[in-house]
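# Residue-level structure breakdown
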Amino acid sequence: MKFFLEKKALILTEAMMTISILVTCAIIAGAMFTNAVNTTAVSKDFLIANGLAIEGAEAVKNIVYTNKMLYPTKPACWLNIDPEVVNCAVTAGSSSNYIPVEKADNAQTKGKWKLGNGNVNDLDLEANLSSAAAYLLYLDNVTKRYTTVAANSVASKFYRSIKFLDVANDDSYATFEVKVAWFEGMKAWSTSSVVNIINL
């Protein structure tokens, strides 16, 4: 009889150890899965933000090339922020913030992009979220592209600005920064790209 009681106690101890090992493994696997999902979400946001930064840099280049084609004899017009405005009335200046605005596809316009006036404040979600509202991008319901137009769109978590860091006095070159920022949970993330363009 004593033999059977000792065997039952041994089986119970083995079962308790097995259950505790399985619970520990499940907790570790759950934490690893949660971390993997969070890392994937952040990586996805960085990919989108880098794409938006590249698009912003290409928008400025598009504006520069459009201005060069429209005003080949006026080298000072190369940074005209809207090719529709004649006589280069408004050109980009140092330390100025802008918003790249894509023109409608059906519009008969000069060039695909223009730079809208941004906020006097730099894009900084942690310092002042209300001042960043002008930089908010929307996700178009039809095309699934990011845009600055709120019609037929939903507000996204991404904000984008273009800031000219330096414009040469002789209009020979310009340096600008495209910054994209967003919130993931309670943390503000951002990525930026600094681009140099030369007026040949």
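Refer to the preceding data block for the structure.
A few points on the structure. Please read these numbers as outputs of a predicted model, since none were measured by experiment. (Residues numbered from 1 in each chain as written. Predicted model: local features only at pLDDT ≥ 70, side-chain atom pairs only at ≥ 80, totals over all residues. Heavy atoms only, no water.)

## Description of the overall build of the protein
What the protein contains, in helices and strands, is one helix and seven strands. Relative to the globule expectation of 16 Å for 200 residues, the C-alpha radius of gyration of the protein, 27 Å, shows a markedly less compact shape. Viewed in the frame of its principal axes, the protein has a C-alpha envelope of about 110 × 35 × 30 Å. The buried share of the protein, taken over its 200 residues, is 34%. At a minimum sequence separation of 6, the contacts of the protein that also span at least 24 residues come to 46%. If you sum the accessible surface of the protein, you get close to 12,200 Å²; carbon and sulfur atoms cover 62% of it. Between the mean site of the 18 positive side-chain charges and the mean site of the 18 negative ones, the protein shows a separation of 6 Å. (Helix = DSSP H or I, 4+ residues; strand = E, 2+ residues; numbered from the N terminus. Rg over C-alpha atoms; globule rule 2.2 N^0.38 Å. Buried < 20%, exposed > 50% of the residue type's maximum accessible area, 1.4 Å probe, protein only. Contact = heavy atoms within 4.5 Å. Areas by Shrake-Rupley, 256 points an atom, 1.4 Å probe, with all protein chains shown as cover. Lys, Arg positive; Asp, Glu negative; His and termini not counted. Charge placed at Lys NZ, Arg CZ, Asp CG, Glu CD.)

## Notes on the layout of surface pockets
Size it by volume and the largest pocket reaches roughly 300 Å³. Glu102, Asp140, Thr143, Arg145 and Thr147 are, among the 14 residues lining the largest pocket, the residues nearest its centre. Class assignment for the residues of the lining of the largest pocket results in four nonpolar, four polar and six charged. (1 Å grid on protein atoms, 1.4 Å probe; cavity = no way out; pocket = protein on both sides within 12 Å on 5 of 7 lines; lining within 4 Å. Points joined across faces, edges and corners; volume = space filled by probe spheres on them. Nonpolar A, V, L, I, M, F, W, Y, C, P; charged D, E, K, R; others polar.)

## Some thoughts on unusual backbone geometry
One non-glycine residue, Lys144, lies in the positive phi region at around 60°. Mapped onto the fold, Lys144 is located in the loop between strand 3 (136–140) and strand 4 (146–147).

## Re the packing of aromatic side chains
As enumerated under the stated definition, the model contains six aromatic pairs in all. Consider the rings of Phe46 and Trp189, whose centres lie 5.5 Å apart with planes at 85°: the pair is edge-to-face. Placement of the pair is Phe46 in helix 1 (residues 2–70) and Trp189 in strand 7 (residues 187–198), with a sequence separation of 143 residues. Aromatic side chains Phe164 and Phe176 sit 5.6 Å apart centroid to centroid with 45° between the ring planes, which places their arrangement in the tilted category. In this pair, Phe164 sits in strand 5 (residues 153–167) while Phe176 sits in strand 6 (residues 173–184), placing the two residues twelve residues apart along the sequence. By way of ring pairs, the aromatic residues Phe46, Tyr146, Phe158, Trp182 and Trp189 are connected into one cluster. The ring of Trp189 has Lys187 sitting right over it, with the charged end atom 4.3 Å from the ring centre. (Phe/Tyr/Trp six-rings, centres within 6.5 Å; stacked < 30°, edge-to-face > 60°. Lys NZ or Arg CZ within 6 Å of the ring centre and 35° of its normal.)

## Digging into the nonpolar core
The nonpolar side chains of a soluble globular protein tend to be buried, and buried together. Core analysis: the biggest nonpolar cluster contains 28 residues, and Val60, Leu79, Leu115, Phe158, Phe164, Phe176 and Ile197 have the highest contact counts within it. Where this core is concerned, the elements lending two or more residues are helix 1, strand 2 (113–117), strand 5, strand 6 and strand 7. For this core, the element with the highest residue contribution is helix 1, accounting for eight residues. Those residues within four positions of Ile197 in sequence are excluded, and the remaining contacts are Val60, Lys61, Val64, Trp78, Leu79, Ser172, Tyr173, Ala174 and Phe176. (Core = buried A, V, L, I, M, F, W, Y, C linked by side-chain atoms within 4.5 Å.)

## Description of the pairing of strand 1 (residues 96–102)
Within strand 1, six of the seven residues are buried, leaving the element largely enclosed by the surrounding structure. The pairing of strand 1 with strand 5 spans three bridges and is antiparallel. Directly across from Tyr98, in strand 5, lies its bridge partner Ile162. (Pairing = 2+ DSSP bridges.)

## Some points on the pattern of salt bridges
Taken as a whole, this structure holds eight salt bridges when the rule is applied. Glu55 serves as the salt-bridge partner of Arg145, at 3.2 Å between the closest nitrogen and oxygen. With Arg145 in the loop between strand 3 and strand 4 and Glu55 in helix 1, the pair connects residues that are 90 residues apart, well separated along the chain. (Salt bridge = Lys/Arg side-chain N within 4 Å of Asp/Glu carboxyl O.)

Any functional reading would require information that these geometric values do not contain.
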